Structure formats: C-alpha cells, structure tokens
Amino acid sequence: MTDSSSDIPFPPKRTENSEGSRNSDTVHRVVTGSLSPTLEAKDVNPPEVQRMVVEHIVKSEGGSSSSVSFRLRVFSGKVPRPTGEVDYDTWRNSVELILQDPSLSDIHRSRRILDSLLPPASEIVKQLGPKALPVAYLDILDSAFDTVEDGDDLFAKFLNTLQNAGEKPSLYLQRLHTNLLKVMKRGGIPADEADRQLLKQFCRGCWDDTLIAKLQLEHKRNRPPPFPELLLQLRSEENKHFSKESRMRQHLGPQRQRASSHIVTANPLDLGQNEMSEGSQVDELKRQVAKLQSQLVKQKNKQTGRSVLPSTDAVLELKQQVTELQSQMTKLRVQKNPEPKNNQGKMKQTSIQFPRENPPTADHKPPHRPRPGYCFQCGEDGHVASICENDPNPSLVTIRGRY
C-alpha cells in the first residue's frame, strides 16, 4: 500500500529568515516579468550615502572658494611698474592673508608665492628652490624690494603728509593710515600710539576746518576713535554734504552763465575825444604860463628903481613854476604825436578802414601836371582846351607845366 501522504503537497514551512526569502521571491518575480519593480526611497538613497555626498560637496565648495579668494596678483619688481601689476606693498599685504589662512599648508603657500612672481623678482628667489618655506621667500624679497628707511625717517615723512588739492578727507585719512602702517612696521611708533598719531596728523594736515569742528575731532585727541570708526564718520559727513548740494542744484536749477555781447562802434567824435581833452589841457597850461609871466613882470617892475640886487625868492619860485609848466607842455606834445597810430589801431579793431594814398618814394615820383590857367591843348592863355581852335602844341604845354 502506497503512502498517499507523500503525494499531498504541504505548504512551505515558515522560517526565521522569512523576510529575506520574500525579498528573493520578489527579485525572482521581477526577473521573470510577473511583477513590476517597486523600490522604496530608503532602498535607493540610504541616509549614509546622502550624508557622504553632502560632506563631499561642502568640502569641495570650501576648497574652491578659499583658492579663489586668496589668489595673488602678479609682481615683478620692474621700474617703472608695468600695467596690470601691483606695487610691493600691495603684494606683500596679500601674502599676509595667505600666511594667516589655516587651511593652506606651507607647500601650498610657497607655490602661490612662486606663481605670482615674474622676473626679476622670480630670479631672486630661484636659488631657494621650490620647497623652501614662505618666510624664506619673503625675507629675500623684503631685502630687495621693501623700503630701506628706518622708523624715524618714515615718521618724519608721515608728519609732512598733507591733504592734496581736490582730495577728499576720507581719502586723505586712508593715505595717512597706509603711511602709518609702514612707520609701525619699522618700529617708528608703538602700536598703542597709532590712533592718537593718526588723529593728530589728520587735524593738522586737513584743510576742512568746518568738518573738523563739526565732528569735534580736536577734543578727541586724548581718546581717539579707531581708524574704521573715524573713516566711517568722515564718509558719512561727505555723503551728507554731497546729498545737500545735489538737492540744492535740483531745486535751484543749473546756474547758466548768460552770454553777453559787446558792440563796438566807431564815432568820429569818440576818435577825436582824446585829442580835444589834450588840447584843452595844453590851453590851460598856456594860460597858467601867461599868468605866471605877468606876475613875474609885475614883480620886476616893483623892484625897478630900488636896487639892482639879484632876484628874490618869489621871482625864483615863479620861474620854477614856469619851467615846470613848459616841461608839461612838452610832454603833452610828445604824447600827442603817436595818436594817429593809436586811432588807426582803434579803427582797425572796429573793422572800419579809411582809404589813404601811398606816400611817394624816391623811385616813384608823381607825374608833372600842367597848371591851370592856360589851354591844355595849345599852351596859350585866355581859353581852355574844350573851346580851343588852335593846333595842338604838346611841347609848349609841357614847358608851361614845369613852371
């Protein structure tokens, strides 16, 4: 008798790894095509994978931003400085930012310094090699291109720094601060005296006394504000002043200068006015001379018969006055001679021209013309050529014209 129980199918036994078998069955059904794939979000992007991707992106962005922000500009040390390059002080300040970046190693700092150098600056540091420390490169570059003045000389130059024409007070303060940093670098003044010396020199070298009085900077010398605060105050006042001027121009309108025309006319009375005034002066002097001469004659008549002594003081004084008047008349006559030239110049300026004949020269003599009173055809007296009935006699006409 056969065992019928062996032919009866039994359901599969449920094991502990039922979830794994279910997944295997699902994969089998997907492969055979009997079931479409339906995957959950946690199966595709697990949290661990997402966290690793985010950390990688953040690190990549941080490294790229730091490399861009600390890129050095080109420096060669050529004199005069080529276009597009910076001076050594500007380049040196950029290098200080790289040295303070903790994300860069010494080898990366050295590479950035070498990449920003051109000959002859690159030739100076070439002997150190590419693996030297950044401090070694900076020491040799400082000795070649940095200022060689000591702190006292730089401080004296700082005290002689004054505001230039057309320079804003804020720009003047920035220029003072740049020079003061050089003084501090060379040991000219201690760091705790920087703000006080900066404010003192600004009040001394700035020409805008109204701004200094408005901000009460003279009273702040004992407790000076730091450089950023002082710079902000100056720029704020400059902005207020500029805004007020803009509103004034907008309200009042542009002040346009009106065009004025000057009309010059030539008047014969005006041209001879100077001559008339000088002529009246000459007449007045003549009258005074005649008066003095009459007084002199009267003085001599009074002394006649009394004595034959020399002239008295009154007579000498009268003679002296007569001499002075005569000299004044002579000067007026001399000044009167060049007047036609001056008048001619005035007439030229007024674009009025008068015709004039050229004076005769030695080579060109005016032709001899017959004198009137006789006939120009026959040379006889008593009639004219228009009613002359005689034959022409040119020889007689020529003789009569010469005499």
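Here's a quick rundown of the structure.

**Quick word on helix α10 (residues 194–205)**
- Taking 1.5 Å as the rise per residue, α10 with 12 residues should run 16 Å; its terminal C-alpha atoms sit 16 Å apart, in good agreement.
- Lining the buried residues of α10 we find α8 (151–159), α9 (169–185), α11 (209–215) and α12 (227–252).

**Structural notes on the packing of α8 against α10**
- Where α8 meets α10, the axes come as close as 10 Å, and the angle between the chain directions of the two elements is 40°. What the angle tells us is that α8 and α10 run oblique. Contacts between α8 and α10 involve F155, F158 and L159 on the former and, on the latter, Q197, L198, Q201 and R204.

**Describing the environment of E167**
- Relative to the assigned elements, E167 resides in the loop between α8 and α9.
- Judged by relative accessible area, which is 16%, E167 ranks as buried.
- Residues E167 and C206 lie 39 residues apart in sequence; the distance between their C-alpha atoms is 9.7 Å.
- The residues contacting E167, other than those within four sequence positions of it, are L162, Y172 and R175.

**With respect to the environment of M184**
- Relative to the helices and strands, M184 resides in helix α9.
- M184 sits in the partly exposed class, given a relative accessible area of 28%.
- The spatial distance from the C-alpha of M184 to the C-alpha of G151 is 7.4 Å, given a sequence separation of 33 residues.
- In this view, M184 contacts I189, A191 and A194; residues no more than four positions away in its chain are not counted.

**A look at the packing of α9 against α10**
- Between α9 and α10, the least distance of the axes is 10 Å, while the angle of their chain directions is 135°. Judged by the inter-axis angle, α9 sits oblique to α10. Handedness of the crossing formed by α9 with α10: right-handed. Contact residues: P169, Y172, L173, L176, H177, L180 and M184 in α9; A194, L198, Q201, F202 and G205 in α10.
- Taken together, the residues that form the contact of α9 with α10 break down as nine nonpolar, three polar and no charged.

Reading the values: rules and limits
- Residues numbered from 1 in each chain as written.
- Predicted model: local features only at pLDDT ≥ 70, side-chain atom pairs only at ≥ 80, totals over all residues.
- Heavy atoms only, no water.
- Helix = DSSP H or I, 4+ residues; strand = E, 2+ residues; numbered from the N terminus.
- Expected span 1.5 Å × (residues − 1).
- Contact = heavy atoms within 4.5 Å.
- Axes fitted to C-alpha atoms, helices over the stretch in contact; angles between N-to-C directions.
- Parallel < 35°, antiparallel > 145°, perpendicular 65-115°, else oblique.
- Buried < 20%, exposed > 50% of the residue type's maximum accessible area, 1.4 Å probe, protein only.
- Left-handed = near helix turned anticlockwise from the far one by under 90°.
- Nonpolar A, V, L, I, M, F, W, Y, C, P; charged D, E, K, R; others polar.

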